[in-house]
Amino acid sequence: MASIRSGSIMAKLVYRRVVSSILLALALTFAAPSGAHEVRPAIADLTLEGSTARIQVTLALEALVAGVDLQGLSDTDESPNAARYDRLRALPPADLRAALDEAWPDIRDGFVFEVDGARLVPQIVETDIPPVGNAELPRDSVLTIAADLPPGDAPLQVGWIAEYGPLVVRQQGAGDGEGYSGYLTGGQLSDPIPRDGVADVGLLAAFGSYVLIGYEHIVPKGLDHILFVLGLFFFSLQLRPLVLQITAFTAAHTVTLALATLGYVTISPAIVEPLIAASIVYVAVENVLVTRMHWWRTAIVFGFGLLHGLGFASVLGDIGLNPARFVTGLIGFNVGVELGQLSVILLAWITLAYWFGNKPWWRSRIAVPASLAIAAVAAYWFVERTFLA
């Protein structure tokens, strides 16, 4: 009897610790504005004109000036230089440009223009810094830099150091829109890009790079999509309801991802993002009110999947699919998204369902409290994206 009582006490302690950890994590998420400090890949459009290589980089310029190490970072609040980064975001364009000029000798060394193993010296040509808007949201500046190419026809490689974060390089002016496109992480350089013509990216390499982009958009960067998938998970641990919901969600976001990427559907993110937050609220609240699977749950999840597909498409829109590898990139990105969703479900099952899923109090003590916390976070996001953006 004593051993049974001891085991019961231990189970309660473990349960309380797990649930407390979940609620604390969700509370911290609630306290931070959604996407306010999210690290996104910078986009570099490369043009080779005569003896000059030029890139236009769309980026959060403040991170470079503040010296934020973006390698492996998902949120700039995690950086020791977060306070300086936030101060720079409040500066008007002229003051931020002055701060850039002061820091440029150090920043410049992180940009790589390389021909035959020799580093070229880049210089700032132009900056386009938007006025200060909502200081709680990142602003995208455009930094144009150029370097003189040496004589000859040796190809060029471009990139930047790992501390500057992920970088998408897109070759411009290559004819028929089929220029090189690469997703670079960890200080990688682009493939050698010829001065005339285009760099050919292998099918497998292109597929793998877009799988990585899709996966990273869910884990660790897609917190709203993570919470939606967790909302599906906490509805029921039975295989059939979970499979039906995930299948409906996957089919729906695959459709709108393809249609939006092809340009057949265009809806402003100002509309899509609040609705995505509302979809999370709905599934989480329904988890509390409904105890068994109905046909309308699958239909509604399908509808919400259409919204999330539009959100996924905005990522591909920012990065830009290489037209020569359009189908490969689209499929690769979608595979990465699915792998990310499965990772979320697997982690939730290992950490919670495996240990407590068969307990009679699973729903009342874990599924319902977690769903309410998810609903609270998403409701805050809805208000933020609707009235504070």
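What comes next concerns the included structure. Only a predicted model underlies this, so the values are computations on that prediction, with no experimental measurement involved.

1. A word on the sheet that holds strand β3 (residues 111-115)
For sheets, the rule is that strands pair by backbone hydrogen bonds, running either parallel or antiparallel.
Reasoning step 1: One open sheet holds the three strands; their spatial order is β4-β3-β7, and the pairing between them is antiparallel. Because the sheet does not close on itself, it has two edges, and the strands there are β4 (118-119) and β7 (156-160).
Reasoning step 2: With five bridges joining them, β3 and β7 adopt antiparallel strand pairing. Note that in β7 the partner of Phe 113 across the bridge is Val 158.

2. Some remarks on the side chain of Arg 139
Reasoning step 1: Following the sequence through the fold, Arg 139 ends up in the loop between β5 (123-128) and β6 (141-148).
Reasoning step 2: You can call Arg 139 buried: its relative accessible area is 9%.
Reasoning step 3: A distance of 2.6 Å separates the side chain of Arg 139 from the side chain of Glu 62, its partner in a polar contact.
Reasoning step 4: A polar contact is formed between the side chain of Arg 139 and the backbone oxygen of Pro 130, at a distance of 2.9 Å.
Reasoning step 5: Ignoring any residue separated from it by four or fewer positions in sequence, one finds Arg 139 in contact with Leu 59, Ala 60, Glu 62, Leu 88, Arg 89, Leu 91, Pro 93, Leu 96, Ile 129, Pro 130, Pro 131 and Val 132.

3. A look at helix α10 (residues 326-356)
Reasoning step 1: The end-to-end C-alpha distance of α10, which contains 31 residues, comes to 44 Å, matching closely the 45 Å that a straight helix rising 1.5 Å per residue would cover.
Reasoning step 2: At Trp 349, α10 shows its strongest bend, of approximately 45°.

4. Points about the pattern of salt bridges
Reasoning step 1: In total, this model carries seven salt bridges according to the counting rule given.
Reasoning step 2: Where Asp 45 meets Arg 170, a salt bridge forms, and the shortest distance between an N and an O atom there is 2.8 Å. One end of the pair, Asp 45, is in strand β1 (residues 42-49); the other, Arg 170, is in strand β8 (residues 167-171), and 125 residues separate them in sequence.
Reasoning step 3: Residues Glu 273 and Arg 385 are paired through a salt bridge, measuring 3.4 Å at the closest nitrogen-oxygen approach. Placement of Glu 273 in helix α8 (residues 269-289) and of Arg 385 in helix α11 (residues 362-388) is noted, with a sequence separation of 112 residues between them.
Reasoning step 4: For Arg 385, a relative accessible area of 14% corresponds to the buried category.

5. Details of the packing of helix α7 (residues 239-261) against α10
Reasoning step 1: Taken N-terminus to C-terminus, the directions of α7 and α10 make an angle of 150°; their axes are 11 Å apart at the nearest point. Of the possible angle classes, the one that applies to α7 and α10 is roughly antiparallel. Viewed along their axes, α7 and α10 form a crossing whose handedness is right-handed. Seen from α7, the contacting residues are Leu 242, Ile 246, Phe 249, Thr 250, His 253, Thr 254, Leu 257, Ala 258 and Thr 261; seen from α10, they are Phe 326, Leu 330, Phe 333, Asn 334, Val 337, Glu 338, Gln 341 and Ile 345.
Reasoning step 2: Split into classes, the residues belonging to the contact of α7 with α10 amount to ten nonpolar, six polar and one charged.

6. So, the nonpolar core
Reasoning step 1: If you look at the biggest cluster of nonpolar residues, it comprises 55 residues, and the most contacted ones within it are Leu 230, Phe 234, Phe 333 and Trp 362.
Reasoning step 2: Examining the composition of this core, we find that ten residues originate from one element, α10, more than from any other.
Reasoning step 3: Setting aside residues no more than four positions away along its own chain, Phe 333 makes contact with Tyr 210, Val 211, Ile 213, Gly 214, His 217, Leu 257, Phe 312, Val 315 and Leu 316.

7. Regarding the sheet that holds β5
Reasoning step 1: Taken together, the six strands give an open sheet; going across it, the order is β5-β6-β2-β1-β8-β9, and neighbouring strands pair in mixed fashion. Single-partner strands in this sheet number two, and they are β5 and β9 (181-184). Taking the axes of each pair of neighbouring strands and ignoring which way they run, one obtains an average angle of 20° across the sheet.
Reasoning step 2: Direction of pairing for β1 relative to β8: parallel, over a ladder of five bridges. Counterpart to Ala 44 in the pairing with β8 is Val 169.
Reasoning step 3: Along the sheet, helix α4 (residues 93-108) contacts β5 and β6; its crossing angle with β5, the most-contacted strand, is approximately 145°.

8. Digging into the packing of aromatic side chains
Reasoning step 1: In this structure the tally under the stated criterion is 13 aromatic pairs.
Reasoning step 2: Summarising the aromatic geometry, the rings of Trp 160 and Tyr 164 are spaced 5.4 Å apart at their centres and angled 90° between planes, so their arrangement reads as edge-to-face. For the pair Trp 160 and Tyr 164, one class covers both residues: buried.
Reasoning step 3: A centroid spacing of 5.7 Å and a plane angle of 70° characterise the contact between Tyr 282 and Phe 304, whose relative ring orientation is edge-to-face. Of the two residues, Tyr 282 is situated in helix α8 and Phe 304 in helix α9 (residues 295-319); the sequence distance between them amounts to 22 residues.
Reasoning step 4: Judged by its relative accessible area of 16%, Phe 304 falls in the buried class.
Reasoning step 5: Chaining the aromatic ring pairs together yields one cluster made of Trp 104, Phe 111, Trp 160 and Tyr 164.

9. Focus on α4
Reasoning step 1: An ideal rise of 1.5 Å per residue puts 22 Å on 16 residues; α4 reaches only 20 Å between its terminal C-alpha atoms.
Reasoning step 2: Glu 102 marks where α4 bends most, by close to 50°; the proline Pro 105 follows one to four residues later.
Reasoning step 3: If you follow the buried residues of α4, they end up packed against α2 (61-66), α3 (82-89), β3, β5 and β6.

10. Details of the packing of helix α6 (residues 223-235) against α8
Reasoning step 1: It is at 9 Å that the axes of α6 and α8 come closest, and there the two elements cross at 20°. Of the possible angle classes, the one that applies to α6 and α8 is roughly parallel. Of the two possible hands of crossing, α6 and α8 adopt the one that is left-handed. Seen from α6, the contacting residues are Asp 224, His 225, Leu 227, Phe 228, Gly 231, Leu 232, Phe 234 and Phe 235; seen from α8, they are Glu 273, Ile 276, Ser 279, Ile 280, Val 283 and Asn 287.

Conventions we followed
Residues numbered from 1 in each chain as written. Predicted model: local features only at pLDDT ≥ 70, side-chain atom pairs only at ≥ 80, totals over all residues. Heavy atoms only, no water. Pairing = 2+ DSSP bridges. Helix = DSSP H or I, 4+ residues; strand = E, 2+ residues; numbered from the N terminus. Buried < 20%, exposed > 50% of the residue type's maximum accessible area, 1.4 Å probe, protein only. Polar contact = N/O pair within 3.5 Å; in protein donor to acceptor, adjacent residues only side chain to side chain. Contact = heavy atoms within 4.5 Å. Expected span 1.5 Å × (residues − 1). Bend = angle between axes of the 7 residues up to and from the residue. Salt bridge = Lys/Arg side-chain N within 4 Å of Asp/Glu carboxyl O. Axes fitted to C-alpha atoms, helices over the stretch in contact; angles between N-to-C directions. Parallel < 35°, antiparallel > 145°, perpendicular 65-115°, else oblique. Left-handed = near helix turned anticlockwise from the far one by under 90°. Nonpolar A, V, L, I, M, F, W, Y, C, P; charged D, E, K, R; others polar. Core = buried A, V, L, I, M, F, W, Y, C linked by side-chain atoms within 4.5 Å. Phe/Tyr/Trp six-rings, centres within 6.5 Å; stacked < 30°, edge-to-face > 60°.

Any functional reading would require information that these geometric values do not contain.
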